[in-house]
Structures are given as structure tokens and as C-alpha cells.
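# Fold and contact review
Here are the chains, one letter per residue:
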Amino acid sequence: MALRQRGCGGNVAVALRRCCENSAAMLRQRRCGERAATTVRAALSGRTGWVRLVRAACAVSLLLVVIAMAVATPAMLFAREREPNAVFAERRARLAAQLNGPVVLFGYTGKENSSPSYVFNQEENFYYLTGHNEEGAALLVLPPGAAAKGWKGPAEILFLPPRDLAEERWNGPRMGPTDPGIAARTGFAAVQPFEALKGRLADLAKNYGDVYTVLPQKEDTGYPHAREWSDWVRQAAPGLKQHDAAAAIGAMRQIKSPGEIALLTKAIELSVDAHLAAMHLVHPGLYEYQVAAKMVEIHAYGGSEAEAYAPIVGTGLDSTVLHFNELNAQIQDGDVVLLDVGAQYAGYTADITRTLPANGHFTARQREIYEIVLGAQNAVLAAMKPGMTLGRGGPNSLFQIAFNYMNTHGADREGRPLGRYFIHGLGHHIGLDVHDAGDPNRPLEAGMVVTDEPGLYLPEEKIGVRIEDDVLITPTGYKLLTARLPRTVAEIEALMASPIQADPVSHPEPKQERPASPGAPVTAPSTPPVRPPSVPPQSTVPMGPPPPTPGE
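The following paragraphs examine the structure supplied in this document.

About the cut-offs
Residues numbered from 1 in each chain as written. Predicted model: local features only at pLDDT ≥ 70, side-chain atom pairs only at ≥ 80, totals over all residues. Heavy atoms only, no water. Helix = DSSP H or I, 4+ residues; strand = E, 2+ residues; numbered from the N terminus. Expected span 1.5 Å × (residues − 1). Buried < 20%, exposed > 50% of the residue type's maximum accessible area, 1.4 Å probe, protein only. Arc of directions from axis to C-beta. Contact = heavy atoms within 4.5 Å. Salt bridge = Lys/Arg side-chain N within 4 Å of Asp/Glu carboxyl O. Core = buried A, V, L, I, M, F, W, Y, C linked by side-chain atoms within 4.5 Å. Pairing = 2+ DSSP bridges. Axes fitted to C-alpha atoms, helices over the stretch in contact; angles between N-to-C directions.

### Quick notes on helix α10 (residues 225-236)
- With 12 residues, α10 ought to run about 16 Å at 1.5 Å a step, and its terminal C-alpha atoms sit 17 Å apart, in line with that.
- Every buried residue belonging to α10 is among His 225, Ala 226, Trp 229, Ser 230, Trp 232 and Val 233, and all of these are buried. Buried residues of α10, viewed axially, fall in a sector of 155°; they line one side.
- Where α10 is buried, its residues contact β1 (103-106), α9 (197-207) and β6 (241-244).

### Comments concerning the pattern of salt bridges
- A complete count under the given rule lists 26 salt bridges for this structure.
- With a closest N to O distance of 3.3 Å, Lys 256 and Asp 436 form a salt bridge. Residue Lys 256 is located in the loop between α11 (246-254) and α12 (258-281), and its partner Asp 436 is located in the loop between α15 (398-407) and β13 (449-452); the two are separated by 180 residues in the primary sequence. Asp 436 carries the same exposure label as Lys 256, and that label is buried.
- Two residues, Glu 461 and Arg 365, come together in a salt bridge whose shortest N-O distance is 2.8 Å. One end of the pair, Glu 461, is in the loop between β14 (455-458) and β15 (463-466); the other, Arg 365, is in helix α14 (residues 364-383), with 96 residues separating them in the sequence.
- Accessibility expressed as a relative area gives 21% for Arg 365, which makes it partly exposed.
- A cluster of three or more residues bridged by salt bridges with shared partners is formed by Arg 163, Glu 168, Asp 179 and Arg 185.

### Thoughts on unusual backbone geometry
- Phi is positive for Asn 100, close to 55°, though the residue is something other than glycine.
- For Asn 100, the location among the structural elements is in the loop between α5 (85-99) and β1.
- In this structure Asn 100 comes out as exposed when scored by relative accessible area, which is 56%.
- A positive phi is found at Lys 462, a non-glycine position, where the angle reads about 55°.
- Mapped onto the elements of the fold, Lys 462 is located in the loop between β14 and β15.

### Some details on the nonpolar core
- Among the nonpolar cores identified, the biggest contains 103 residues, and Val 291, Met 384, Leu 398, Leu 444 and Leu 456 are the most heavily contacted of them.
- The element best represented in this core is α12, accounting for 13 residues.
- Not counting residues up to four positions away in its chain, the partners in contact with Val 291 are Ala 278, Leu 281, Val 282, Leu 286, Val 313, Ile 331 and Leu 339.
- Core analysis: the second largest hydrophobic core is formed by 21 residues, Ala 138, Leu 140, Ala 190 and Leu 204 among them.

### Details of the sheet that holds strand β9 (residues 336-340)
- Read across the open sheet, the 3 strands follow the order β8-β9-β12; overall the sheet is antiparallel. For this open sheet the edge positions go to β8 (312-315) and β12 (353-357), each flanked by a neighbour on one side alone. Across this sheet, the average inter-strand angle for adjacent strands is 15°, counted without regard to direction.
- Taken together, the 4 bridges between β8 and β9 define a ladder with antiparallel strand orientation. Bridging from a neighbouring strand, Ile 312 pairs with Asp 340 of β9.
- Strands β8 and β9 of the sheet are contacted by helix α13 (residues 288-301), whose axis makes an angle of about 150° with β8.

No statement about biological role is implied by the geometric values presented.
Following this line, the structure appears as C-alpha cells:
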């Protein structure tokens, strides 16, 4: 009433009442001001209480702000979409039972990359088992029966660094081991300060002689994360013999959960949106970096936190360089333009490649090479099912199906078979890493998500063609997750020539009109036509002819 009499309005009175109620609850939960909570409760009772509250508002507001910053953990710490805590807990239990030994793993510290543009992304194995995407954490999991061996601690512990309130003013709030409700938020019944881990490992050494962690490998590149923490464990508990857990975790990661498939699908859909926009955008005169910039923009606009890998856009001779990422060439009339660009969404990565004619029309030779690669991809899809392998050898090799098709169709300028121009593997798993963990030669199983990406690269003809799609293995075959992105020559040329809607994201420079035939004059339109990223999830674009049989 006092607030309304002062012309502040009933809504303000209600808002302030709710704010104070929440503040009182916050103070009670954190045990940092029972007297203040009591004062607020008293102030909320009756008209006289409201008058006292209004008079005291200015005095206590600063105090409440300081307390909130000091102890509050924001409700939206899980801004990144993620699977439920129960999914991660089941993975940890399954791993510990499989290894039948204690497991200690470490997340990234955030100091692995000093670039100002670096966006933190958790170490994949750690994230797969915890869902925790903050710096400086560690994990200890005990196998079933640990208590019988004398272990007196919890079956699993998440270790977190203490909160640094000054640092949080710069980089945002973080979870701390003593935050109220931390167990419910993380899914761990026991959350302890990171500094307690050394003592826990010392206790572990009294009951166990072995421990599983991620060990360094000869082929490791970049920051030596595994080596650094393996050495740390050795110094903290020299009596523990270390074994590598990477293979066991990698095998688990190869079979995707329904939640993982949903997140992968979101990354793929964003990537398809970007490729569709590029099909409308590409024309002679643009630079490779301009095409990449539009695709990255569409990813970010749709919720992608990062690129799955550095965008690859290569025109002409650059199309024959597998991982070309200089992006400095201008697209010329008569080129093919190879686009290998994929988004990351909630940590999960897409990997998609298309090859386009710069002017909207493949030449006869470009069409020939393209259709040979497409025929190889279709032959692989026709054979893709559980039990087949991505490896180069063996009776169930999908690679051999693709190689045999391309080696028996067409020839180079000297009349030689084209198999020599297929210079990479057929595909790989995707997931938390674009080349996801696990044995690449393992027979395919339902729940795996892999790429199918045959390619031919003829530098002397400045023609590089790769067609890459993402495929979910099902119990009886496969599901093409990139199905709404055109693959055939007719579909691509029709889409590149189709009318284009205005782009709500931005307005790049106008695209030139498609010539009616190769070599025809090119003119610029008066409006900037670019396809928007909001393409319907279910495409009506036909998928073209059915896949040919292997060896056809």
C-alpha cells in the first residue's frame, strides 16, 4: 500500500515482495544471514512492515547484491544443451564395471590455448562421462566391490576447483564444490574440492595397485594433456600402476545414445542449412572466404557454439587439396568449388561436403567425375549395414566397394583408371570429435554415426570432387541424416538456379544471375538473393536415382 500511495504502481509492489521473498530464501539456503532473513520476513507482514521495508530498501539493496554475487550459482549454468545426469551416471557405472578397476580422469584446465578467441570446450572423454563443461575438474570412479577391498570413500567423486569471485567478474560464474545443490546439478552425490584428489589417490593406493586413466600416445598432437596428468598421478600416488582407459571409453563413444543422436542431428541440420545457402550464394567473382563466412554465420545464428573444424572451401586447383583452408582464392567461371564445412552443436559435430559448379552448370568432364563419385557413394550406401567396415581390407570393406567402383568407371587424361585419385579413407565416426574416438576398423553396429565420403582429386584438370554425408547405422541398414541436402547433378543445378528468398541473417553482396549455358554472359541482379537458414526439417527435394549395386 505504501508503494502504491507513492505512485509506484501495484506491479512494483508485487515484484518487490517476490524479490524479497526470493532474497530471504537465498539467505536461508546459504546460512549467511539468518538475522537478515528474519528482518525481511518481518517487513513483509502488514502495512507497517511495508513502510519499514520501503525505507530500508536503499540500505539493504547493496548488501543483497554483494551477497548474491558472492554465493549465488546462476540457474542457467547449463546453457549448453546436454543429456540428463542419469545418462552420464550410467556410462560411468558401465565403464567401471567393464574395467573392474578405479578410473581417474581430468578435464581441461582452460589454459591449453592462450588465444583470445579461444572458447572452452571440454576434453571429450571427460565430458562423455560427466557432462561437465567447465575448467579444472577431475573424476574418480570406483568399481563395484570397492568397499570389500577396504575403500571407505564414495563410489564416485567429482572434483571441482574453488570458485574465484574476482575471476568470475571477468569470465562469468562457475560451479564450486560447496555450492548449495551442487550434487543435483552435476549428478554426483559427492563433489569435493580439487585439492582433495591427492589424498584420495593416496587412500586408493592402500586398496588398489592399478588405476585407469588416459595415457599419452606417440601420435598425440597439440597440448600434452594426457602426459601432464599422467605425470601428476605418478607423483601423487607413485604406487599406482597406470593403465589406458582410452580404448574402452572410445568403444563406448562409438555407439550413440538417443540423446547424442538428437544433438548430432541438430549439428547436421545447421550444417545442411549452411550448405543450402552456399548453393544459392556461390558464383564467379566471390572469394572462398566469403562463402565460408556466410556458412559460419548461419551456424552461429542457429546456435552453434563453434565450427566442427576449420572450414574448407576450395575453388579450381584448391578443390584438389584435401584440407585446404587458406580461403584466399577468387572463384572463377568454369571452376568447381568444394565445400567441406560442418557445425558443432552442444559439443557434437557434423561433417558434410558438397562440390558445386561455380557458374551453376557442370562441364561435361566435371559432370563425368562427379557422377562417378556419386555412383561410388551410392554403392556404399546400398551395402551399408551392421557388420560392414570402413577399413580398407577384408570381405566386408565399404572402402573397397567405393574404390572398385571408381577404379572401373572413367579414366584420367592418359587413359589410366581413376582409383589412384582416391587418396583418403572412405569415412569415419562423428560425435564429440569430428573424427570420433574408437577403433576405425570395428564392424559397424546399430547406433553408430559415420561419414560416407568418396572423392576423386585430379590436380592436372583442376577438378576435385568429394561428396560427404552423415549416416546413422540402424539394425537393418542405415538412415541418411543429411538426406535433405541435394546430391545429384540435376538437383544441385536446379537449386543453384532456383529463386532465392531474402536472408534474415545478413545481406551479402548480390549474386550474379546464372547463365543459361556454360560460357554465356553473366549479369548481376538488383537485389541480394541468399537463401535463409530456416529450411524445413523434411525436404521435398527428390533423392535422385536409387543407389547402384556394388561394382556396377
